[in-house]
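Geometric and topological summary
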Amino acid sequence: QKTLIKKLDEHFHPTLLSIQSVDYTNTSIMATAFSCDKSSAPAEFIANLATYAVENCPVSWSVGANAAELVGRDSYFQGSTPLDTWVGYLVVVGFGALFSVFTTIVVYLDKTFAGNASMTSEHFNTAGRMVKTGLTASVIVSQWTWAATLLQSSNVAWQYGVSGPFWYASGATIQVLLFGVLAISLKDIAPSAHTMCEIVRARWGKSAHLTFLFFAFCANIIVTSMLLLGGAATVEALTGMKYELAAFLIPWGVILYTSTGGLKATFMASYLHTMIIFAVLITMITLVYIKVYSSDQIYSFLDNTVSYSPEQCMAIYSTDGTVETSFFYSGDKTVLGQTEGTAQYACGPVAGNAQGSYLTMLSGDGLMFGIINIVGNFGTVFVDQSYWQSAIAARPASAAKGYLLGGICWFAIPFSLATSLGLASTALMLPISRGEAGSGLVPPAVADNLLGSAGAVLILIMLFMAIVSTGSAESIAVSSLVAYDIYREYINPEATGKQILWVSRVTIVVFGVFMGLFAIALNAMGLNLGWVYLFMGIVIGSAVIPLWNMMTWDKASGKGAIIAAWGGFALALISWFVGASVESGSVSVATLGSNPVMLSGNLVAILSSGFIHYVYSKFIDPQEYDFSTLDANIHLVEQDTAGLTDDILDKDEIRRSKRWIVRRGYLLTFVLIIVWPILSIPAQVFTESYFAFWVLVSIAWGFGAAIVITFLPLFESQEEIGKVCSGMFNFAMCKKVEGEEFAEEEPVKEVDEPAEPVKEPEAEVEADAGESA
């Protein structure tokens, strides 16, 4: 092909200019094998590889600006960063300030020209309880897109192949789908609630309230820790910015606009963050499977990756092409015949996978990760106040649909991103070490290899969007818990709206600073993103089933919930430590982090808790709770009844919405974790055409989700956007439209400041005189 194009070009240069621009390198690596003598490796290195019958070299040695530099490297980012340090500061500090200014302006315009509510404590923490379906879905996608979603999903693709992205996506989607049931139940039985712990207090009392307040704070701290661990590690790897400085500065981008605009500001910023995340996602999918490579090429490369023997892998990952200088296995230099230890790079057959292939759903470790993922993420959704807060903020008709749509759209982010960047990392055999992969550096490494500095910048921006969107949701969640469940409940029961608002804002600042320091401490302890991600279910999994029962089961016992939560937590820790000791003979950070040990702890946490609560509630302390009395035990601080009027809280509409989400939520859950995996079993190791179809599904899902999540909120809010644009135009033109006035702040009457008494005789005289209020 190259020769033919060259000859034609000599005679028809103007006509065939477009053909001349074809990437010859890609054309030359269409076959499974890439000849080592055509690579960028030194001649001596190639000669040494030949003694181990290594004729096919990693594709990454032939393409990319830094191909020659990858030969003989023991890590991808070793000793250099693709971006200057100032870029890290620009993104971490500059973007934070930009979004703070942007969000503050949008909130001001919304209040001034669209006539929306003034900033009361109720509005700060609930966004007026009138958020529509599209924005609710966008917010769910945004706050469920952690640093781990972007980084850890590609790590499991690097480890297990195609099963990793699927189990990450499906194992973390079903919780959002099922939480839609709780969201509509909340609108039915506790529409006045500000936090989930308020509902616990109203139904089960003080002891249960303190118990679940502990687990709620654990969830917020663990989620924020993962954001900062992954984010700071990636910023350091890409820009050279000090890890400690990045971990401390990242929260400030969240603190500024969240403390200013509250939940409404968080929602508006989250929409913009989600659009940017999907834009980068589509770019990466297009690069891997359309522009630079194709599904057939990636398929061939993945086959080539698993074709090497241990000795060949050792020779490839060495300093001079010999096993004597290999760094393929963990520990010191490994010599021929010494193949014990853990492989540090993606090379050779995958242990536990059918035929050792990356191209199969029959993966023992992949399935084990999927179970851990499912159990752990139930905790981080059901026990995380931010998801309850989004349900509180949504209209009743939008709550169920928003969560279902949000879950479906979110599925595309880990599935499509990891199917492209994660699989490309193993297909190209980039020298990404196990430590780098565990720290979430697979996506930036592949993006840097494909696009150079531009790719690194895109991943950095995408990551920062995920951090600040989820970080702002976690910040406002913690502020609500502190303001309503600690300050108002135990410190100042007579708190006014202004005091609640002040406490909320102070908490956001304090929590951001604390989490920056806490992430630094976790890193010093040797805990990375992957370790904390697997660990989270052990801590908070025991609170999941009691909270579900609280909202859906009238016989659920408060005492049983307390015993189940603490008992499940204790049993999970015991099984976790015992499992590490039995499997490895010792207890350490490394042994506690293995998949089987983490799986045992996660399963014991959620299953033992559910069993204890059911038995206690059914046979020891059965209740007959009347859900219609629950909301009466929850009190507003201010008489801000936005979203609480009878026409909005229509019981018939809520019942219809509940039936709608129950059927669809359960059905989609069954499809994602049962039907889809079973249908992929007959394929065993994917054929080239089957893999092409798999890739097509990931591409279509990514593009479809991006379109829906971008345009649906705009379509639903076109009236409000029109009001803002019209008001701004009239204001700029100094034009006063008849009957139109800019929104004025209305004084809000405090519940604990009673109105002046009205004298009955005077009222009667006024009525007789025909005067009206």
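Summarised in this report is the structure supplied together with it. (Residues numbered from 1 in each chain as written. Predicted model: local features only at pLDDT ≥ 70, side-chain atom pairs only at ≥ 80, totals over all residues. Heavy atoms only, no water.)

For the rest of this paragraph, the subject is the overall build of the protein chain. Secondary structure summary: the protein chain contains 31 helices and zero strands in total. For the protein chain, buried positions account for 58% of its 773 residues. Relative to all contacts within the protein chain whose residues are 6 or more apart in sequence, the contacts with residues 24 or more apart total 82%. (Helix = DSSP H or I, 4+ residues; strand = E, 2+ residues; numbered from the N terminus. Buried < 20%, exposed > 50% of the residue type's maximum accessible area, 1.4 Å probe, protein only. Contact = heavy atoms within 4.5 Å.)

All right, on to the nonpolar core then. Among the nonpolar cores identified, the biggest contains 208 residues, and Trp-146, Ile-199 and Phe-691 are the most heavily contacted of them. Apart from the residues lying within four places of it in its own chain, the contact partners of Phe-691 are Val-162, Tyr-289, Ser-295, Ile-298, Tyr-299, Leu-359, Leu-423 and Phe-686. Residues Tyr-52, Ile-316, Phe-328 and Cys-347 belong to the second largest nonpolar core, which totals 24 residues. (Core = buried A, V, L, I, M, F, W, Y, C linked by side-chain atoms within 4.5 Å.)

Attention now moves to helix α8 (residues 133-144). Here α8 is 12 residues long and its end C-alpha atoms lie 16 Å apart, about the 16 Å a rise of 1.5 Å per residue gives. Most of α8 is tucked away, with 12 of its 12 residues classed as buried. Within the sequence span of α8, burial applies to Thr-133, Gly-134, Leu-135, Thr-136, Ala-137, Ser-138, Val-139, Ile-140, Val-141, Ser-142, Gln-143 and Trp-144. (Expected span 1.5 Å × (residues − 1).)

Below, the discussion takes up a nonpolar patch on the surface. Taken together, the side chains of Leu-362, Leu-667, Phe-670, Val-671, Ile-674, Ile-678 and Ile-681 present a nonpolar region at the surface, about 580 Å² in accessible area. Examined against the element boundaries, Leu-667 turns out to sit in helix α28 (residues 651-680). (Patch = residues over 30% accessible without salt bridge, like charges linked within 9 Å, V, L, I, M, F, W, Y side chains within 5 Å. Areas by Shrake-Rupley, 256 points an atom, 1.4 Å probe, with all protein chains shown as cover. Salt bridge = Lys/Arg side-chain N within 4 Å of Asp/Glu carboxyl O.)

Simply put, disulfide is the name for a covalent bond between the sulfur atoms of two cysteines. Enumeration according to the criterion identifies two disulfides in this entry. A sulfur-sulfur distance of 1.9 Å marks the disulfide that ties Cys-36 to Cys-57. Disulfide Cys-36 to Cys-57: torsion about the S-S bond roughly 110 degrees, handedness right-handed. Taken together, the residues Cys-36 in the loop between α3 (24-28) and α4 (43-50) and Cys-57 in the loop between α4 and α5 (67-70) connect sequence positions 21 residues apart. Comparing Cys-36 with Cys-57 shows no difference in burial state: the two are buried. (Disulfide = S-S within 2.5 Å.)

What follows deals with unusual backbone geometry. Of note in the backbone geometry, Gln-355 takes a positive phi value of approximately 60 degrees without being a glycine. Here Gln-355 is to be found in the loop between α15 (310-316) and α16 (364-382). The class of Gln-355 is exposed, set by a relative accessible area of 67%.

Before going further, it helps to spend a moment on the pattern of salt bridges. By the definition in use, this model includes five salt bridges. Here Glu-489 ties to Arg-201 by a salt bridge, and the two come within 2.8 Å at their closest N and O atoms. Note that Glu-489 is positioned in helix α21 (residues 453-491) and Arg-201 in helix α11 (residues 196-204), a separation of 288 residues in sequence. The class of Glu-489 is partly exposed, set by a relative accessible area of 28%.

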